Amino acid sequence: MILSYGSQRDYDGMGGSGESTWSPQDFAELHAFMTKFNQDLEASGELVETRGLTAPAHTRRVGNRNGTPFVTDGPFAETEEVLAGYWVVDCVSFDRATEIAERLRDCPGPPRAVAHAYADIRPIAESADEL
């Protein structure tokens, strides 16, 4: 699984609000890049699934805090980075998944967003034994 990250500020910018560093041209270039990236993975037969996620402001977190259940709405100030989207790929190796993710370095955007962009590559466990 390839996980890409962003920030609430990036989502605000793409939506045209807040302290936007995203221009309409930046967003158009991002969309074109991601469309081609996904088409290439589909053509190679390596794409299983991909999704972009809505802005962190639409997040709801459930859990326990000191044994007490809680439900809160986002965004969450604990971290700037938030999961923005993912790709599930079926490829020959972890190295190949890394090669695919390295292509995301070419993703266009405002300099501030590009300077801090990264993706994680994590194998998906097929069974409890793989955890």
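- The protein is annotated in an unreviewed UniProt entry as YciI family protein from Nocardia jiangxiensis.
- Here the protein is described in UniProt, under the heading Sequence similarities (unreviewed entry), as follows: "Belongs to the YciI family."

1. Observations regarding the pattern of salt bridges
Inference 1: Under the definition given, this model contains 7 salt bridges.
Inference 2: For arginine 105, the salt bridge identified is with glutamate 102, shortest N-O distance 3.5 Å.
Inference 3: Connected via shared salt-bridge partners are Lys36, Asp40 and Arg103.

2. Comments concerning the sheet that holds strand β6 (residues 119–121)
Inference 1: Read across the open sheet, the 4 strands follow the order β2-β5-β1-β6; overall the sheet is antiparallel. Where the open sheet ends on each side, the last strands, each with one partner, are β2 (47–52) and β6. Ignoring which end each strand starts from, the neighbouring axes of this sheet average 20 degrees apart.
Inference 2: The pairing of strand β1 (residues 2–6) with β6 spans 3 bridges and is classified as antiparallel. Its bridge partner lying in β6, leucine 3 is registered against aspartate 120.
Inference 3: Helix-sheet contacts for helix α2 (residues 24–44) involve β2 and β5 (82–89), and the interaxial angle to β5 is about 25 degrees.
Inference 4: Where helix α3 (residues 94–102) meets the sheet, its contacts fall on β1, β5 and β6, and the angle it forms with β6 comes to roughly 165 degrees.

3. Comments concerning unusual backbone geometry
Inference 1: Non-glycine residue asparagine 66 carries a positive phi angle of around 55 degrees.
Inference 2: On the secondary structure map, asparagine 66 appears in the loop between β3 (60–65) and β4 (68–73).
Inference 3: Given the relative accessible area of 80%, asparagine 66 is considered exposed.

Criteria and thresholds
Counting restarts for each chain, with residues numbered from 1 along the sequence as it is written. Since the coordinates come from a predicted model, pLDDT governs what is reported: local features require at least 70, and pairs of side-chain atoms require 80 or more to be given and counted, while whole-chain, interface and lining totals use all residues. Side-chain descriptors were evaluated using all non-hydrogen atoms of the structure, hydrogens and water having been removed beforehand. UniProt positions are given in the numbering used here, feature names are shortened, and annotations may be inferred rather than shown by experiment. We define a salt bridge as a side-chain nitrogen of Lys or Arg found within 4 Å of a carboxyl oxygen belonging to Asp or Glu. Only strands joined by at least two bridges in the DSSP assignment are considered to pair. Runs of E in the DSSP output that reach at least two residues are strands. Runs of H or I that reach at least four are helices, and both are numbered from the N terminus. Interaxial angles span 0 to 180 degrees and are taken between N-to-C directions of axes, which are lines fitted to C-alpha atoms, for helices over the stretch in contact. Between two residues, a contact is recorded if the distance between any of their heavy atoms is within 4.5 Å. Buried residues are those whose accessible area, probed at 1.4 Å on protein chains only, stays under 20% of the maximum for their type, while exposed residues exceed 50% and partly exposed ones sit between those limits.

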